[in-house]
Every structure is written in C-alpha cells, then in structure tokens.
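# Observations on the model geometry
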Amino acid sequence: MSENKDPQVPTPAESVEGVKFVYDFTEGNKDLKDLLGGKGANLAEMTNLGLPVPPGFTITTEACKVYLESGEEPGALRDEVSAHLAALEEAMGKKLGQPDNPLLVSVRSGAKFSMPGMMDTVLNIGLSDKSVQGLAAQAGDERFAWDSYRRLIQMFGKTVLGVDGDLFEEALEKAKEAKKVEVDTELEAADLKKLVTRFKKIVKAEAGRDFPQNPREQMDLAINAVFDSWNGDRAKLYRRQERIPHDLGTAVNVCSMVFGNLGPDSGTGVAFTRDPASGHQGVYGDYLQNAQGEDVVAGIRNTVPLAELEQIDKKSYDQLMQIMETLENHYKDLCDIEFTIERGQLWMLQTRVGKRTAGAAFRIATQLVDQGLIDEAEALTRVNGAQLAQLMFPRFDEDAKVEQVGRGIAASPGAAVGKAVFDSYTAVKWSRSGEKVILIRRETNPDDLDGMIAAEGILTSRGGKTSHAAVVARGMGKTCVCGAEDLEVDTKRRRMTVPGGHVVEEGDVISIDGSSGKVYLGEVPVVPSPVVEYFEGRMHAGAEDADELVEAVHRIMAFADRKRRLRVRANADNAEDALRARRFGAQGIGLCRTEHMFLGDRRELVERLILADTEAEREESLKQLLPLQKQDFVQLFESMDGLPVTVRLLDPPLHEFLPDITELSVRVALAESRQEPHENLLRLLQAVHRLHEQNPMLGLRGVRLGLVIPGLFTMQVRAIAEAAAERRAAKGDPRAEIMIPLVGTVQELEIVREEADKVVAEVEAATGTELKLAIGTMIELPRAALTAGQIAEAAEFFSFGTNDLTQTVWGFSRDDVEASFFTAYLEKGIFGVSPFETIDKDGVGSLVKLAAKAGRETRPDLKLGVCGEHGGDPESVHFFHEAGLDYVSCSPFRIPVARLEAGRAAVTSKGSDHR
C-alpha cells in the first residue's frame, strides 16, 4: 500500500483492533479489489496515475462483512470515517453540509465484481433546507441547487428509507405537466422548490419520519443502506445469474461531489475505449448535458453520442481522449469510464474493465495481441467458452421476407424471437410456462432483472449503449435493442404502437436483432452462424467471404490448441455425428453409446432376444444382430480413422427396448375384445412385467446385463473386433477401445474382460491381424471410485460417467428432481448452479480426484477421461484439467467450447501437468 501522497490530508490511525476499515483514494491500487471493491480500487489507481479524480475514501468489504454478520458496524468504523471525513473537509476547504459553503458527497457501492445497477447509490449527501441556500449562493445558480436537493430526497427516500420510487416519478411527471414541459431540465427553481416540498411529504407519509436534516446522519444511513443492498433481492439474483460468490460483501465509496447539472457547460457521460458491442476501435459512449450520472445509465433522457462532445466542449473532449488512451494502455483492455464535466472541468468518477459482447471479446483479444499489449496466453483469459457458444447461435436470415417496424441501438447482439410482454412479472410467469418472451420497456431499471433473465431479449424505447438495459444485457449475453424512439411503449395498457399506427399487443410475436438494432413483426427465420460455418469447414479464415469475427475466432482457437494439454473427444454414435465432430476438432470419440444402434428397425431383433426362451433362440437373435453391429462399427472407425473410438457396451435396462407397459396392456385388451390372435403381444407383456423394476437406473443394466444375459457382450465385442480387422485389411487405422459400463467391483470387470479377451484373440487368429484393443471401464458409481485402485488392475483406462456419478453421489433421480425442487434449491442458494450442469467439485469432484490418484498408483499409464455432459461445460473442463485427466468428451456442438476452455485451463492453472 502506498503512503498518503497529499501532505494536507492527515492519515487516520488504524482501529484499535489493528484492522483498517477505511482507505483514502491515495492509499489503494487496482490490485486491492478484494478489499476495496472494483470501484474503490480503480479510483485509487486513477488517483495514482495523476488523473483528475474527486477526493474521497473507501470503506472496505471487510467492514461490510462484519456489518452483515453482526447487524452492527465494526466498533472502530465510525471513528475511522470521521477521521477520513475530516481530512476530506480540510482538503476541500469546506464542511459536510455546512449552511454557507457545503461539502456534498456521494455514497456508492463497489463490489469486487461489477454488478451494474444492482446495489445502491446516493448522490448530493449533505444538502438540507439550510445548506441548499448555501449551495445556490456558492454555485450562483438557484435552480441547480434545488434540482440537486430534489434528487437527494428522491434517491435517499427510495434507497435508504424504502419509499416506492414510482411515487417520486409520478410527482415529477405532474410537475412537468403543470409546467407544460417535456423534460425536467425545463423546470425552474420555483417549480423545483415545490417539488422538494412534495417529495418531503412523500417521505413523511411513506417512511413515517422526516427527511433527515443532519448531514452526518444522511451519510451514515446511506453507508448502511449500501451494505444492506448487498443482500437485496436483485443483487442476490444477479450474483446467482453471474455465479458471483455471496460472501464477498461490497465496499462503500464516499466521494466529494462534482456536478454535471450546473448548466450547458456541464454534463455527464459514459465512455468506452472501444465499442463494447463490436470491439471496433473508435469513439464510443454517451453524453448528456446539464445532468447527473444516474440520468445516463437510467436511460430516462436520451443522450447524444460521445463524439458530439467535441463540438460541445473541445477542451474536455481532447482531455478525455488522452485519458482513455492512458487507461486502455495501463489496463491493457477495453475500459468503461464514467465522467462528469463541471463548468468545463473534467472529472473521472469511475473506470473498470468493460463488459462486452461475445464477438467484441474475441476481436479485442486479437487486436490487443497485434498491438503488443498482451500475449497469446493472456488473450485466452480475455474470452471464454460461454461467449464462444453464444457466437455459435443462429442469426436472422437476411434474405427472408420480413416486416421491419422500428430500429434502435444495437446494444447486445443476437437473434431473439418471442411474445411481447411489458413487465418483469409477466416475463417470468410466461417463461416458466414454456413461452419465449421479449421484454419491452420504456427503459429498464434494476428491479427488472428477473424479467431480463427470463426473456429471450430486451427492447427499450429509451436509452443508449450505456443504459442499464444495454450494460446488463451485454453482461448476461442477452439480445438487446435500446433507444428505439419510434416505438411508443405503453406499459400500463400493455401495448406498443409502431410507426404507421400498428399496435403490438401483449402476446404478439416480435423479433429483435441485437446486431443491427432492427425490430420486426412476427417470427423471422434464422440461419446458421458464420462461426458454425467456419467450424463446419464451409467458411475458411482468411477467405474473401470470411468476416473479421471468424478470423478472430480462428486465431483464438489456434492459441488454445497450442496451449492445451487436455485432448477433446466427442460423444457420437454414428458416422455422420463422428464426421461433424471431426470437423469441429474432435480428437476421437470418447463415448459411442451402442444402445442407440439397437433402435429403429432393429428393435424387433432386440425384442426377440429379450423374449428368447431357449439358448438356441437367443443365439439366433444375437447372430442376426452381429453383422448389423459390425457394419455400424466399420463406418464409425472409418470416419474416425487414426483416432481413438471408445465403444460403450450396452448400458440401459432392457425394458427401454420394449413397448410402454400401459400401451401394451391396451393393445392386448383390444386384441382380446376383438378375439384377434395376440400370443406375441401377450408374451411381450409378460416380459415387460418380468423386467419391470421399481428403480431401473439402479437395477439390471450395464455390466450386470453382460453377466446375466449370455452372449450379449461377447456379440458386441466380436462386432468391434471384426470391424477393426476389416478396417485394417482396407489399410485403415482403427483405434477401438472397449468400455464396460456401471462397474462397481473389480470382479465384474475381470469376468467380462476374460470373455472379451478370448473373443478378440479368436478374431485375431481368424483374420491374422493384431488388433490391440484397449479394455477399460466407466467410473460412475461411488464404490467404483472408492475401489479404483483395485479396478485399475483390470482396466487400461477409466472414463468418468459424471451424469450417473452425480445421481448416485447426491441420491438424485435426475428426471425427477430437476422439475420438482431444483428451482427452489437454486433460489435458496443451496446450489449456485445445477450439479448436472457444472461438476460438484466438493462431492463428485473429490471422488474423481480420488479415483484418478488411486488408479494411477496401481497403473501409472492409466488413461483418464470423462464422458458425461460435464465434459463440455467450461467450468468443469478447468476442474478436469486440474484433476489430471487426459481428455474430455462432449457432444459435437460443444467441442469448440471444450477446446477453448482446455487452452484457458492450461494458461490459468497453477500446474499444467499432473502426470
């Protein structure tokens, strides 16, 4: 921590307990985000850089944690705040809220991770019935002073005292109607005085107390309100959505006020060092004359593009451009900047690494590499698999016949189609019933968060690229069009009127294009993303028809492939899926589910096998299935020639191949009533009853099938071996691996392996071909994980079946629990995310690590992989890298995501080689 750089500002003593809870802006730096929050750390960093930052201090996240845990402020906090406030007052030459020359401050939240609009801010603290007169005299502007006072009462009333914000908005609208003006800047001082009186009456009526006139009481109550807002509903919802831990707490920044609402030579704005929607370099942002910062992000008044500031105030514009360049070079990333101009003086109020769209993330990462600001490894940390998956979503067909009804600002890209809804409650309600919806608002506010999460996309008639809707949508990867001014949104009547008079009622389908800002009536058809076309091989990076996004993705994927240790395979059951997976970059097949080969036209053969009463009938059924299975494998090995193909022997319970018991009972009853022959149906029904289990997923399936149905597994092994021999005879390079499912004890595997080795030897002898077929098992039961050292004696590889392992570790039946109580578990914070979506590191993950370690102690060259759905989940891929696995396997479409995350894991992991 740096020493205090301003000799005029005394350094407050540490608290008695030795824990320092308050830091001046001159004391911190950008690396103290855990303690000072993102906003406080970056204000300190800008101060250190010598940029124009209003003086102030930060109350740490540690103070917040103490407050939230105990319900009281830390004992020494009040004295520390007093000392820092005194230092601030001395530096500024005025006292907080003094009547003749008042110091005013803002109190703002600032967590480690950006949570735009989710927590509380109060501006203009220190104003009272007395000090408002002093501010008017100090500024020489009575209107400005009363405007600032009404803003304080409005924000304080809503944020600190819990008054319904709509009551203040309604009073403001009535004041404008009485004055016959459109915007609040047209209200005069006398109008604002009346509004202040009205606002104070609202506070008294709704909060049961007067608006506090003591400035220190205002500040203390505001600080506690910011602490409390960490556990507000919208903040908790946002953290769940963004997977931000709940125990971090927020810092509080107390900053001397600078005013953008002092007239036309003042204003406030938000700037980006690059376009957060596209990644392109240039001048991007919004500016609003004669306004305070909240006016810009709230989208209540439409801003002008930042470039217009050059005509409004060239001196401030030029200075801002220099500062933006300084910050981007210093942070080596896109920066999001908030600033205010007070009578021609530029002040920096905040900077942070800016949220951006998926496409912008890839473009910016490669641009920064080309500029020499970052290297390839760092570029991989600037993008993620979720962003890549978003880029692979379809987009609207530009050649389709459409009816465009409006156009706004392209705030967050994507193609979203859904039914129009006009409030968050309806968006959530309809979404939960399976409807796709577009949330339409004049402008959004933090209370709309749950509706924004539920919606396919967001459309607003006000606001710009820096409005609340735009910033939050970009952070969530949600399609958003803002500032579509031609659309008249009537939320009370639940309708939107478009140019020409057509009315869109709630429930009507609309389409919005977040890449172009266009709004359409009805459902617009979609086409594949160019990124998918690139992965499919239909578009090549560097080709004339390839856009810069494809080029950026191509380069990032090349970085990832060079860095990663984990190999990436595909879950694929047929040649078509295997070929697609190979085009997507798969390095083999990690899971071929043979049960999928028994469906369709072959179901009748499987039924005969199940119904067989004699050994001869069973052998005849297996004999007919053998060539069909062999041909399946020949095609699969050909499509994956030279790469490993792990074939899982039959896993699901046999009843899955038989008709539904209710349907079959009805067919038998109908046949009997019509006196039609039904012997086969009756045998089938008897078999269904015989095979019925109370819990089939823990019953006769997997290796147990191979042990109790003679010839079943040996038929499959023979088909694999003969297919491999045929491919070798055709000069191919088949690399088949045989995987035994649901093993719980080494004895099961030993018996099946002995039979398999015998069959493979027979095929080798008959064909004169050495096949070298590896035999391994799935680890998907807790007992298998706990006895992995023993099982490795008979297995050449383990593949973790994390879907079943999650079910058996948690005691969950996935098909039941996800619909019945997972939503409640997520809302109550029991889960941060479903354990079927992201690996449960503490439970399931511990078993994976234990089994991997024990298996390799027995067999050092044991190959380890994972073939559950977690193999394509970004966060889980990092865990598997750290656990020392050799590969992950996932669906073909998720292969690029797994490749990227494997590369990211290699450059972010503390150790990249666990062998």
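Here, the structure is the one placed above.
Below, the structure is looked at part by part. (Residues numbered from 1 in each chain as written. Predicted model: local features only at pLDDT ≥ 70, side-chain atom pairs only at ≥ 80, totals over all residues. Heavy atoms only, no water.)

This part is about the sheet that holds strand β19 (residues 495–497). Think of a sheet as strands paired side by side through backbone hydrogen bonds, with each pair either parallel or antiparallel. The strand order β18-β19-β20 describes an open sheet built from 3 strands, whose pairing is antiparallel. Either end of the sheet is taken by a strand with one partner, and the two such strands are β18 (488–490) and β20 (503–505). Taken pair by pair, the neighbouring strands of this sheet meet at an average axis angle of 15°, ignoring direction. Where β18 meets β19, 3 bridges bridge the pair, whose relative direction is antiparallel. Of the residues in β19, the one forming a bridge with V489 is M496. (Pairing = 2+ DSSP bridges. Helix = DSSP H or I, 4+ residues; strand = E, 2+ residues; numbered from the N terminus. Axes fitted to C-alpha atoms, helices over the stretch in contact; angles between N-to-C directions.)

Here we have 8 strands laid out as an open sheet, ordered β12-β22-β21-β14-β15-β16-β17-β13, and mixed in their pairing. Looking at which strands have only one partner, the edges of the open sheet turn out to be β12 (403–407) and β13 (409–412). The average angle at which neighbouring strand axes cross in this sheet is 30°, direction not considered.

We now examine a negative patch on the surface. Residues D164, D166, E170 and E206 make up a contiguous surface patch of negative charge. The topology assignment puts E206 in helix α7 (residues 189–207). (Patch = residues over 30% accessible without salt bridge, like charges linked within 9 Å, V, L, I, M, F, W, Y side chains within 5 Å. Areas by Shrake-Rupley, 256 points an atom, 1.4 Å probe, with all protein chains shown as cover. Salt bridge = Lys/Arg side-chain N within 4 Å of Asp/Glu carboxyl O. Lys, Arg positive; Asp, Glu negative; His and termini not counted. Charge placed at Lys NZ, Arg CZ, Asp CG, Glu CD.)

With that settled, the discussion passes to the nonpolar core. Buried together is how nonpolar side chains tend to be arranged in soluble globular proteins. The biggest cluster of nonpolar side chains holds 134 residues, and the ones touching the most others in it are F362, L388, V553 and I740. Top contributing element to this core by residue count: helix α27 (residues 712–729), with 10 residues. Sequence-distant contacts of F362, defined by excluding residues within four places in its chain, comprise V383, N384, Q387, L388, L391, L549, A552, V553, I556 and L900. (Core = buried A, V, L, I, M, F, W, Y, C linked by side-chain atoms within 4.5 Å. Buried < 20%, exposed > 50% of the residue type's maximum accessible area, 1.4 Å probe, protein only. Contact = heavy atoms within 4.5 Å.)

Counting across every chain of the model gives 57 salt bridges. Residue D147 pairs with R143 through a salt bridge whose shortest N-O separation is 4.0 Å. Placement of the pair is D147 and R143 together in helix α5 (residues 142–159), with a separation of 4 residues, close to one helical turn. Both residues of the pair, D147 and R143, count as buried. A salt bridge links R352 to D336, with the nearest nitrogen and oxygen atoms 3.2 Å apart. Linking R352 in strand β10 (residues 345–353) with D336 in strand β9 (residues 335–342), this pair joins segments that are 16 residues apart in sequence.

Here helix α35 (residues 874–882) crosses helix α36 (residues 895–908) at 50°, and the two axes come no closer than 9 Å. In terms of orientation, α35 lies oblique with respect to α36. For the pair α35 and α36, the sense of crossing is right-handed. Packed against α35, whose contacting residues are P874, V877, H878 and H881, the element α36 presents V897, A898, E901, A902, R904, A905, A906 and T908 at the interface. For the contact of α35 with α36, the per-class residue count stands at 7 nonpolar, 3 polar and 2 charged. (Parallel < 35°, antiparallel > 145°, perpendicular 65-115°, else oblique. Left-handed = near helix turned anticlockwise from the far one by under 90°. Nonpolar A, V, L, I, M, F, W, Y, C, P; charged D, E, K, R; others polar.)

What is shown is where atoms sit, not what they do.
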